[in-house]
Amino acid sequence: MDSRKVEEIKVAVIGLGYVGLPLAVEFAKQYKVFGFDTNVERINSLKDGFDHTHEIDVQALQNVLTFDCSTLKGLFCTNELELLRKCSVYIVTVPTPVDKNNRPNLEPLIMASNMVGKVLKKGDIVVYESTVYPGVTEEECVPVLERSSGLKFNTDFFAGYSPERINPGDKDHTVANILKITSGSTQESAEFIDGLYRSVITAGTYKASSIRVAEAAKVIENAQRDINIAFVNELAMIFNRLGIDTGEVLKAAGTKWNFLKFQPGLVGGHCIGVDPYYLAQKAQEMGYYPEIILAGRRINDRMGTYIADELVRRIVSKKNVHNSEVLILGFTFKENCPDVRNTKVIDIVRRLREYNINVVIHDPWADAVQVEKEYGVICQNGESKTRKYDAIILAVAHQKFKDIDISSMCHSETVVYDIKSMLPDMVVNMRL
């Protein structure tokens, strides 16, 4: 890394969410880590050994937690910015969302940079992990660091970019088991950053040639996946009109060795449903209109409405759609995790309500309080399984749903729409 000894390196992780906490825990096994978050409730919860994201289990968290900021290693959680002056490396892992018009919102990143700048010292390094378009680190964040600290970039302090590759809910592809891209603002800082990450990432690292290359590599990872899913979503719409089972088509096509095996469905969350807009924004600023990227986004963004409309057509063929009762199984943006950020299930809910349909949501993973606060809808996880419905949509493939007795919630004309191809054929009469 450099001449500094391991015991001299103190790392601050800014933001203890789905990305920051697993990273902080991994570093804390070898280094002194100050986990910082402005959410006092989050800090207190972590000090009690509980992670509401369920990315880190209780034992793993307790193994690294320390309540003494002077120990040589371990994770010290705090919301006191001044304590971070002890650190020499600052890793920023705050969210990078889009606004209601799908334009990049860099405000969390700018605010975090301003805070770090207040405690930055000569020789320190600031590494960003948040997904951004090429140029954000050096053109947007570094000037904030300079203004806030009074220090000069690449003379007094240095910067790097190492994009996060966290997959919420995935217990196999954890932070230590995923190859890490690293980069730095100078050759020396790039070497140091790469060595620091390599010391905790068992899968190894890949040192990019520049910060901008690392930023671009990250943003295209999810844009590529978004486009591929958009393609199979469009196929599902076409094959539905042709009366062909999309799943059967994909199975047949998948017998070719180089066929890319993607499945149709909702595309939400903090990455795939957001990151392409970052690249598109930068492209348009440079005078280029990214047709494929935005076409893919348009298709994927309308899937919730499409699913709701298809269900309504089926219900109408059987009964009056008004005041029908529809059960939606799953509300999180993906299976087996509590993350409801940018979930596209809400699009189904809102569209069905436009038809005066009574929607009931059941999700054992979602935090009902958070869902109501962020989306204004209620998860009825208790009584929802004791009624019968005019239609049931399996929207999220939670493992727990395999044990639900779907047939007990159906009457003779109930429509069961499985958009994740998870339920047995005998209970399903619609698939995406």
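Residues numbered from 1 in each chain as written. Predicted model: local features only at pLDDT ≥ 70, side-chain atom pairs only at ≥ 80, totals over all residues. Heavy atoms only, no water.

As annotated in an unreviewed UniProt entry, the protein carries the name Nucleotide sugar dehydrogenase and is attributed to Pedobacter frigoris. Quoted verbatim from the Sequence similarities (unreviewed entry) field of UniProt, the annotation for the protein is "Belongs to the UDP-glucose/GDP-mannose dehydrogenase family." (UniProt positions renumbered as here; feature names shortened; annotations may be inferred.)

Caption draft 1: Expanded view of the sheet that holds strand S5 (residues 125-128). Read across the sheet, six strands follow the order S3-S2-S1-S4-S5-S6 without closing on themselves; strand pairing throughout is parallel. Only two strands of the sheet have a single neighbouring strand rather than two, namely strand S3 (74-78) and strand S6 (158-161). Across the sheet, the axes of successive neighbouring strands diverge by a mean angle of 20°, strand direction being ignored. For strand S1 (residues 10-14) and strand S2 (residues 32-36), the ladder comprises five bridges, and the chain directions are parallel. Across the sheet, the residue bridging to valine 13 is glycine 35, located in S2. (Pairing = 2+ DSSP bridges. Helix = DSSP H or I, 4+ residues; strand = E, 2+ residues; numbered from the N terminus. Axes fitted to C-alpha atoms, helices over the stretch in contact; angles between N-to-C directions.)

Caption draft 2: Expanded view of the pattern of salt bridges. Using the criterion set out here, one finds 25 salt bridges in the structure. Ionic pairing is found between lysine 218 and glutamate 164, a salt bridge with its closest N-O pair at 3.9 Å. Residue lysine 218 is located in helix H7 (residues 211-242), and its partner glutamate 164 is located in the loop between S6 and strand S7 (180-182); the two are separated by 54 residues in the primary sequence. With respect to burial, lysine 218 and glutamate 164 carry one shared label: buried. (Salt bridge = Lys/Arg side-chain N within 4 Å of Asp/Glu carboxyl O. Buried < 20%, exposed > 50% of the residue type's maximum accessible area, 1.4 Å probe, protein only.)

Caption draft 3: A look at the sheet that holds strand S11 (residues 389-394). Strand order in the open sheet formed by five strands is S10-S9-S11-S12-S13, and the pairing between neighbours is parallel. What marks the edges here is a single partner per strand, and that holds for strand S10 (358-362) and strand S13 (430-431). Of the pairings in the sheet, the one linking strand S9 (residues 325-329) to S10 comprises five bridges and is parallel in character. The residue of S10 that forms the bridge with leucine 329 is histidine 362. Of the strands in this sheet, S9, S11, strand S12 (410-418) and S13 are in contact with helix H11 (residues 303-316), which crosses S12 at around 155°. Along the sheet, helix H12 (residues 345-354) makes contact with S9, S10 and S11, crossing S9 at roughly 180°. (Contact = heavy atoms within 4.5 Å.)

Caption draft 4: Spatial organisation of the pairing of S9. Within S9, four of the five residues are buried, which leaves the element mostly enclosed by the surrounding structure. Crossover connection from S9 via H12 to parallel S10: handedness right-handed. For S9 and S11, the ladder comprises four bridges, and the chain directions are parallel. Its bridge partner being in S11, isoleucine 328 is matched across the sheet by isoleucine 393. (Right-handed = clockwise from strand over helix to strand, strands pointing away.)

Caption draft 5: Representation of the pairing of strand S4 (residues 89-92). Residues Val89 and Ile91 point to one face of S4 and Tyr90 and Val92 to the other, with burial holding for every one of them. Relative to S4, S1 is paired through four bridges, and the arrangement is parallel. Along S4, the bridge assignment pairs isoleucine 14 with valine 92. Bridge analysis of S4 against S5 gives four bridges, and the strand direction is parallel. Bridging across to S5, isoleucine 91 finds its partner in valine 127. Note that the unit made of S4, helix H4 (residues 107-119) and S5 has a crossover that is right-handed.

Caption draft 6: Structural detail: the packing of H7 against helix H9 (residues 275-285). At a minimum axis separation of 8 Å, H7 and H9 run at an interaxial angle of 115°. The pairing of H7 with H9 is recorded here as roughly perpendicular in orientation. Judged by the twist between their axes, the crossing of H7 over H9 is left-handed. Side by side, H7 and H9 meet where Lys218, Val219, Ile220, Asn222, Ala223 and Asp226 of the first sit next to Asp275, Pro276, Tyr278 and Leu279 of the second. Classifying every residue of the contact of H7 with H9 by side-chain character gives six nonpolar, one polar and three charged. (Parallel < 35°, antiparallel > 145°, perpendicular 65-115°, else oblique. Left-handed = near helix turned anticlockwise from the far one by under 90°. Nonpolar A, V, L, I, M, F, W, Y, C, P; charged D, E, K, R; others polar.)

Caption draft 7: Main features of unusual backbone geometry. Non-glycine residue asparagine 323 carries a positive phi angle of around 65°. Secondary-structure assignment places asparagine 323 in the loop between H11 and S9. Phi angles above zero are rare outside glycine, and asparagine 342 is one such case at about 55°. Of note, asparagine 342 is situated in the loop between S9 and H12. The exposure class assigned to asparagine 342 is partly exposed, which follows from its relative accessible area of 26%.

Caption draft 8: Representation of H7. With 32 residues, H7 should reach 46 Å at 1.5 Å per residue; the first-to-last C-alpha distance of 47 Å fits that figure. Count one or two residues on from H7 and you reach glycine 243, which has phi positive near 75°. (Expected span 1.5 Å × (residues − 1).)

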